[in-house]
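Chain by chain, the residues:
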Amino acid sequence: MALTPFCSPPPSLCSSFRSLRRGLFLPLLQAYPYTTSKGAVPMPETALMALRFEVLGRFNRARAAQLTLPHFVCQTPLFMPVGTQGTIKGLATNQLEDIGCQIILGNTYHLALRPTSELIDELGGLHKFMNWPRALLTDSGESSGWKANAPYTRGVYSNPSMCFTLAYFGYSCYINRIGADIIMALDDVVKTTITGPRIEEAMYRTLRWIDRCIAAHKRPYDQNLFGIVQGGLDPVLRDICVRGLVDRNLPGYAIGGLAGGEDKDSFWRVVAQCTAALPEDKPRYVMGVGYPLDIVVCSALGADMYDCVYPTRTARFGTALVPEGVLKLKNNAMAEDTRPIDSTCACMVCKNYSRAYIHSLVSKDAMGSQLLSYHNLYYMMQLSRNLHSSIVRGKFPEFVCNFLQKMFPKGDVPEWVCNAMEVAEIDISSCRARFRDD
Amino acid sequence: MKFVLKALGNGTARAGVLHLDSVAAAIDTPSLLLSTRKGLPLFTSPDLLSSFPSPDSRLLHVSPLHFLEGLSIKTISKIGGLHQLVGLHDCGFAAFPRDSIQCLPEATATNKTGASFETPCGRLLIKPAEYMEMISSMKPELWATLADEVPAWVSDKRNKTSVDRTIKWLDECIALSPVSGAIVGGSSLEERRRCAQEVATRNVSGYWIGGFGLAESMDERPALLNAVTEALPEEKPRLICGLGLPEEILQGVAAGVDLFESTYIYHLTLEGFALTFPLDGTQINALNLAPNVAGTDPRKINLRATAFRKDATPIVEGCSCYTCQNHTRAYINHLLNVHEMLAQILLEIHNTHHFLGFFGLIREAIKAGRFEEFRKDFVRSRYDHLVEDSSEPVLLAR
């Protein structure tokens, strides 16, 4: 369903634009009255932080931690399902709790459009609006064209600083009103498949914008502003960006601009470089990841948080996530298969339904999408739990080997995974096919 | 399966109790059969089914035709039948081919070999022998024999043929018991009576009344229904298919039907409606109905309306369904606007809960001996607000 990108800017914005044109200083900061959410966890005295990050266990670069947010105490590594418009498609909030979701994503751009951030604020914030008692994270939605589509950026796009002022004026209000535990800074993202000076431009712009985000952020004791590292696939640019963000002493950091079509070999190297350079005592979030294999590799390299539409989206196309990889329920062979989707899975779907039954539902009935989404998210949450507990118990390498053996029973573990595991100092030789002597 | 009559209301409305092996508690009738698609509700996921009032929500209608698309009879048998297939062990299933939402009888294509239905996978012809195989693999608690249902406008000759055919198929199917004998007869009083009398002589454990909801008018229906029920023995349960609206259900109850399959919840849900009339026994009148757009049915609200954008109250204050306990009208309004599936899930839950409550009111009224009064009040409440507010010009909207 196409989103109409245009919505008329709030009246205050129009008058501000006019006063800008007259060269008057536009006050970005207004006293913004807010109330802390009911039942919020008391926050430490550290300025500009509304979270606590305690590492509970390590294995080389991998770490398992407890992340205390205003609305929920989380265990990392963790996966965050995406609920763009204030709902995870086809699942109710109590089911999400049953599955074990800890943090859910919402999208500032989409919610600002419908039902508008003012309405969400009036009704008590996004938590109350969707009745989600645990943690929320809002992304700016750069991939959906926040900056490209925001009406006040058209026409003045030649002057990016003007454009940002106008875009961000809206943005800060929106994210503060929506009220998520973690809010992502507005950054300038470019696809990793692009080359040339645009990447450098985007990286420096992201750094300039983080200062404005920090200045405009009205609720640092309630909401955590995460910076996003950009810089494409260029290690030099990434390094500059990381150092710039670390200097700002933010509550947490994200590695952005990946998961957009780049080759896996470049992907893991950027993650490895960033996790090595980002501070030890703050959470590290790799945006847009993703496939279970990618999550295991990134966790081995020292990342903590992940988000992706993949599990729920692929469910709607009839694909289930299993230890062996994926199971395509639409396949005709499934029509006679009376086994559960995954015999090792403890979810409601695997305990009650056969592949044959789900096959008869997928792509024809809403219930098929619901049941598969349920299973896929349960799988991702179980993966998160397993990562956390295996690191805490000192069994992380065993977990990784077991995971890779199930996914690559012939021992054909991809080269990039082997390289990444080498850097992460995890021995996966038992999973790899041995060279034959004959 | 056991059915016991408990009370007879004024007229032929009756209250009874149905005992099924798979359902722990006895089910009071008149009761609703929840619509399903391949055995599960259309939107309400199975883990949320337990939040519905029990045991009245434990009767589900299943159409064997749904499984023709993707699941072979062999596979269903291998899995062990319906209960195993859909993971609902404490529910009772009533199986009959017609599903008034998607599998509609196609009278022009039905012939002496089998009954034809328009389904999402095209037009299908089901023969009695095939049908029997489907039923034996599914193992429902209640099931109806194959019927040749015809709409109200067919010729008398076609109607007569449909009755003869249905009775013939009944005799072919009757080997497996317990079975509900199918009764048809279109819009002809004599044919209806004849069919009912014939079926009454067979050794069946109940009756499935077909052929309604196929273009007969509300006015001619009561006589046709009575023509059927008068010929049937009192002590066996009667199921009916095709009566959707609450007013039509009340017609069925008045004629002495016990179990109803209705598409009302489905249509309400798809269109964004939620039922709001009071269920606590207070008289439904203009004062306690939803303030609404003039001319529309005040017993329900349409959550797409912008009036609900900021409404932070539940659909019905005090309703114990999952939706009202957890979400607000504003949230559902937002979900409908952004076309999210959760809207239909939440609406189906509330509407099912509420409609089951409506059946509760019916049963209470029968037991208290005031069913006809209840029925009149309910039917009148649809238009009450128009009379009340006669000073303003009335827009007769839907």
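Along each chain, the written sequence defines residue order, and numbers are assigned to residues from 1. Here chains are named by letter from A upward and ligands by number from 1 upward, in the order in which they appear as written. Only residues with pLDDT of at least 70 are given local features in this predicted model, and only at 80 or more are side-chain atom pairs given and counted; all residues enter the totals for whole chains, interfaces and linings. Values shown for side chains rest on all heavy atoms present in the structure; no hydrogens or waters enter the calculation.

Under the scheme used here, helices are H or I runs from DSSP no shorter than 4 residues and strands are E runs no shorter than 2 residues, and both carry numbers assigned from the N terminus. Of regular secondary structure, chain A possesses 17 helices and 13 strands. The proportion of buried residues among the 438 residues of chain A is 59%. Between two residues, a contact is recorded if the distance between any of their heavy atoms is within 4.5 Å. Sequence separation of 24 or more characterises 69% of the internal contacts of chain A that already satisfy a separation of 6 or more. For accessible areas, the Shrake-Rupley method is used with a probe of radius 1.4 Å. Any residue's cover is judged against the shown protein chains and nothing else. Surface exposure of chain A reaches about 17,400 Å², of which carbon and sulfur atoms provide 53%. Only protein chains enter the accessibility calculation, which uses a 1.4 Å probe; a residue is then buried when its area is under 20% of its type maximum, exposed when over 50%, and partly exposed in between.

On to the sheet that holds strand S6 (residues 92–95) of chain B. Residues and elements named next belong to chain B. Taken together, 3 strands build an open sheet; the order of strands is S5-S6-S10 and the sheet is parallel. Because the sheet does not close on itself, it has two edges, and the strands there are strand S5 (59–62) and strand S10 (142–143). At least two bridges found by DSSP between two strands is the condition for calling them paired. Relative to S6, S5 runs parallel, the two being bridged by 4 bridges. What sits directly across from Leu59, in S6, is Gly92.

What follows concerns the packing of helix H11 (residues 292–300) of chain A against helix H15 (residues 366–392) of chain A. All names here are of chain A. Angular values range over 0 to 180 degrees, each being the angle between N-to-C directions of two axes fitted as lines to C-alpha atoms, with helices fitted over their stretch in contact. Between H11 and H15, the least distance of the axes is 11 Å, while the angle of their chain directions is 20 degrees. Classified by the interaxial angle, the pair formed by H11 and H15 is roughly parallel. Considering only the axes of H11 and H15, their crossing is right-handed. Facing H11, whose interface residues are Pro292, Ile295, Val296 and Ser299, H15 presents Tyr379, Met380, Leu383 and Leu387. Only Asp, Glu, Lys and Arg are considered charged, only Ala, Val, Leu, Ile, Met, Phe, Trp, Tyr, Cys and Pro nonpolar, and every remaining residue, Gly among them, polar. Tallied by class, residues from the contact of H11 with H15 come to 7 nonpolar, 1 polar and no charged. Working definition: roughly parallel below 35 degrees, roughly antiparallel above 145 degrees, roughly perpendicular at 65 to 115 degrees, and oblique for all remaining angles. It is the rotation of the near helix from the far one that decides the hand of a crossing: anticlockwise by less than a right angle makes it left-handed, clockwise makes it right-handed.

The next subject is the sheet that holds strand S5 (residues 103–107) of chain A. Residue and element names in this part refer to chain A. Spatially, 8 strands are ordered S4-S11-S10-S9-S8-S7-S6-S5 in an open sheet, and the strand pairing comes out parallel. Looking at the sheet topology across the chains shown, the edges are occupied by strand S4 (78–81) and S5. Direction aside, neighbouring strands of the sheet carry axes that sit 25 degrees apart on average. Bridging between strand S6 (residues 135–139) and strand S7 (residues 182–184) involves 2 bridges; their strand directions are parallel. Residue pairing across strands places Leu137 opposite Ile182, the latter belonging to S7. The sheet contacts of helix H9 (residues 235–247) involve strand S8 (224–229) and strand S9 (252–255), and relative to S8 the element is tilted by about 160 degrees.

Before going further, it helps to spend a moment on the packing of aromatic side chains. Each Phe, Tyr or Trp ring, with Trp reduced to its six-membered ring, pairs with another whose centre is within 6.5 Å; inter-plane angles below 30 degrees give stacked pairs, above 60 give edge-to-face pairs, and intermediate values give tilted ones. Under the defined criterion, the tally for this structure stands at 17 aromatic pairs over all chains. Ring centres of A:Phe399 and A:Phe403 lie 6.2 Å apart, and the angle between their planes is 35 degrees; this geometry places the pair in the tilted category. Taken as a pair, A:Phe399 and A:Phe403 lie in helix H16 (residues 396–407) at a separation of 4 residues, close to a single helical turn. Assigned by exposure class, A:Phe399 and A:Phe403 land together as buried. The interplanar angle of 85 degrees and the centroid separation of 5.2 Å between the aromatic rings of B:Phe277 and B:Phe378 together place this pair among those described as edge-to-face. One end of the pair, B:Phe277, is in the loop between strand S15 (273–275) and strand S16 (300–302); the other, B:Phe378, is in helix H13 (residues 371–381), with 101 residues separating them in the sequence. For B:Phe277, a relative accessible area of 2% corresponds to the buried category.

This part covers the pairing of strand S12 (residues 206–209) of chain B. In the case of a regular strand, side chains alternate between the two sheet surfaces. Residues and elements named next belong to chain B. What you see with S12 is no split at all: Gly206 and Trp208 on one side and Tyr207 and Ile209 on the other are buried throughout. Bridge analysis of strand S11 (residues 180–183) against S12 gives 4 bridges, and the strand direction is parallel. By the bridge assignment for S12, Ala182 is matched with Trp208. By convention, a crossover is right-handed whenever its connection, traced from the first strand over the helix to the second and viewed with the strands pointing away, goes clockwise. With helix H6 (residues 189–200) bridging S11 and its parallel neighbour S12, the resulting β-α-β unit is right-handed. Here 3 bridges tie S12 to strand S13 (residues 238–241), and the two strands are oriented parallel to one another. When the bridges of S13 are listed, Ile209 appears paired with Ile240.

For the rest of this paragraph, the subject is the interface of chain B and chain A. At the junction of the two partners, chain B supplies 42 residues and chain A supplies 41 residues. Buried area is understood as the total, over both parts, of accessible area removed when two parts are fitted together, assessed with a 1.4 Å probe. Carbon and sulfur atoms supply 56% of the area that chain B and chain A bury against each other, a total of about 3,400 Å² over both sides. Summed over the three residues of chain B that lose the most area to chain A, namely B:His334, B:Glu340 and B:Met341, the buried surface amounts to 15% of that side. Whenever a carboxyl oxygen of Asp or Glu lies within 4 Å of a side-chain nitrogen of Lys or Arg, that contact is scored as a salt bridge. Run the count over chain B and chain A and you get 4 salt bridges. Here A:Asp365 and B:Arg37 are joined by a salt bridge, their closest N and O atoms 3.0 Å apart. Whenever two N or O atoms come within 3.5 Å, that pair is a polar contact, provided that in protein one can donate a hydrogen and the other can accept it, and provided that, for residues adjacent in sequence, both atoms are side-chain atoms. Taken together, chain B and chain A are joined by 17 residue pairs in polar contact (both at pLDDT 80 or more). Elements that contribute at least two residues to the side of chain B that touches chain A include exactly helix H1 (46–49), helix H2 (73–79), helix H3 (82–86), helix H10 (322–326), helix H11 (329–337) and helix H12 (341–367) of chain B. When residues of the side of chain B that touches chain A are assigned to their parent elements, the largest contribution, 5 residues, is made by H11(B). Tallied by class, residues from the side of chain B that touches chain A come to 20 nonpolar, 13 polar and 9 charged.

Glancing now at the UniProt feature "binding site: Zn(2+)" (unreviewed entry) in chain B. Residue and element names in this part refer to chain B. In the numbering adopted here, UniProt assigns the feature "binding site: Zn(2+)" (unreviewed entry) to Cys319, Cys321, Cys324 and His350. The named residues occupy 32 residues along the chain; their greatest pairwise C-alpha distance, 8.5 Å, places them in one compact cluster. Along the polypeptide, Cys324 turns up in helix H10. Residue classification places Cys324 among the buried residues on the basis of a relative accessible area of 8%. In this view, Cys324 contacts Pro314, Ile315, Val316, Cys319 and His350; residues no more than four positions away in its chain are not counted. With respect to the helices, strands and loops of the structure, His350 is situated in helix H12. Leave out the neighbours within four places in its chain, and His350 touches Ala274, Leu275, Ile315, Val316, Cys319, Cys321, Thr323 and Cys324. UniProt positions are given in the numbering used here, feature names are shortened, and annotations may be inferred rather than shown by experiment.

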